[in-house]
Amino acid sequence: MSDTQSEKTPGLSADEEQEVSLNQPPRAAVLHEIIRYQGDQELERTLAALWWSALAAGLSMGLSLMAMGLFYARLPQGESAQVVASIGYSAGFLAVILARQQLFTENTLTAVLPVMTSPTLANFGRLLRLWSVVLLGNLAGTLLVAWVMLELPIFDTKTDVAFLEVGRKVMQNDISQMFAKGIVSGWMIATMVWMIPSMEHAKIWIILMITYLMALGDFTHIVVGSVEVSYLVWAGDETWRSFWLEFALPTLAGNIVGGSFIFALISHAQVRSDSGKPPSRLLKDKPAGDRRRKDDQK
């Protein structure tokens, strides 16, 4: 008996062996290629398509501040309120990701992988083009939705105060904290993007889990935070100088470092270092008819 045969569990039928082979989790290389392909598609989109999608994402991110403010305004004060209100933070991410809108921190992973795979000047140019358009679109949408939430008679006074408190909590961080927390936030979003292709049926739960933890840990995010802090600026509680220098720039740098230079580089290096081919033991042991049926399915 060959070594291959001795490793198998005895008593399995041919159909059962095929079921085992078909139910293996995707290799890291497969996930890498799925995300790389998605990133390559994003890099090929027109400026107009990127801009409008990014603007829509910025507007949708207003749902996060809206949901958290509504929760805080209706919950008793105390630390336990954050445990519940943090669920609202996920609202904007769910809307943006499920609607396939352009979110900057998602693109710090998906659009980076094609560049890492083929690091040419042309690809770097495509990446900078996408990043700049998506970031500007996201920020334009967040500033607009924050102004609308403040100026239009939509919410009661208690909810308006809750919006201010959410923004003030963000601005309690100094520049180094904005940057450090932004690194963790960027890494968490990149982790979420990496997980979704292998668990597409559980996408909603993955988004909820990751973004809820981001809110619970008070990690800074350039897009959601722009809604929260710009609300303070429109209300006269902060200046635009503070918005850009104390919040936006350090948080943006942290998100890029966490999402691209840490997670994407490590994930890319992991896949490139794995030169082995996928296991084919089970496929070799199947009858020829089973192999042909599997090939036909593909």
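Residues numbered from 1 in each chain as written. Predicted model: local features only at pLDDT ≥ 70, side-chain atom pairs only at ≥ 80, totals over all residues. Heavy atoms only, no water.

It is worth spelling out the packing of helix α5 (residues 62–74) against helix α14 (residues 222–234) at this point. Packing of α5 against α14 leaves a shortest axis separation of 8 Å and a crossing angle of 60°. Considering only the axes of α5 and α14, their crossing is right-handed. Residue-level inspection shows Gly62, Ser64, Leu65 and Met68 of α5 in contact with α14, the latter providing Val224, Val227, Glu228 and Tyr231. (Axes fitted to C-alpha atoms, helices over the stretch in contact; angles between N-to-C directions. Helix = DSSP H or I, 4+ residues; strand = E, 2+ residues; numbered from the N terminus. Left-handed = near helix turned anticlockwise from the far one by under 90°. Contact = heavy atoms within 4.5 Å.)

The next thing to look at is helix α7 (residues 90–98). Those residues of α7 not exposed but buried are Ser90, Gly92, Phe93, Leu94, Val96 and Ile97. Elements that come into contact with the buried residues of α7 comprise α4 (47–60), α5, α8 (104–110), α12 (175–195), α13 (203–216) and α14. One or two residues past the end of α7 sits Arg100, with phi positive at roughly 60°. (Buried < 20%, exposed > 50% of the residue type's maximum accessible area, 1.4 Å probe, protein only.)

Before going further, it helps to spend a moment on a nonpolar patch on the surface. Taken together, Leu59, Leu144, Trp147, Trp234, Trp240, Trp244, Leu245 and Leu249 make up a surface patch of nonpolar side chains, about 730 Å² in accessible area. Taken together, the elements giving at least two residues each to the nonpolar patch come down to α10 (121–151) and α15 (240–273). A per-element tally of the nonpolar patch places α15 first, with 4 residues. Here Trp244 shows up in helix α15. (Patch = residues over 30% accessible without salt bridge, like charges linked within 9 Å, V, L, I, M, F, W, Y side chains within 5 Å. Areas by Shrake-Rupley, 256 points an atom, 1.4 Å probe, with all protein chains shown as cover. Salt bridge = Lys/Arg side-chain N within 4 Å of Asp/Glu carboxyl O.)

Before going further, it helps to examine α4. Taking 1.5 Å per residue as the helical rise, α4 with its 14 residues ought to reach 20 Å, and the 20 Å between its terminal C-alpha atoms agrees with that figure. What α4 keeps buried is the set Leu50, Ser53, Ala54, Leu55, Ala57, Gly58 and Ser60. (Expected span 1.5 Å × (residues − 1).)

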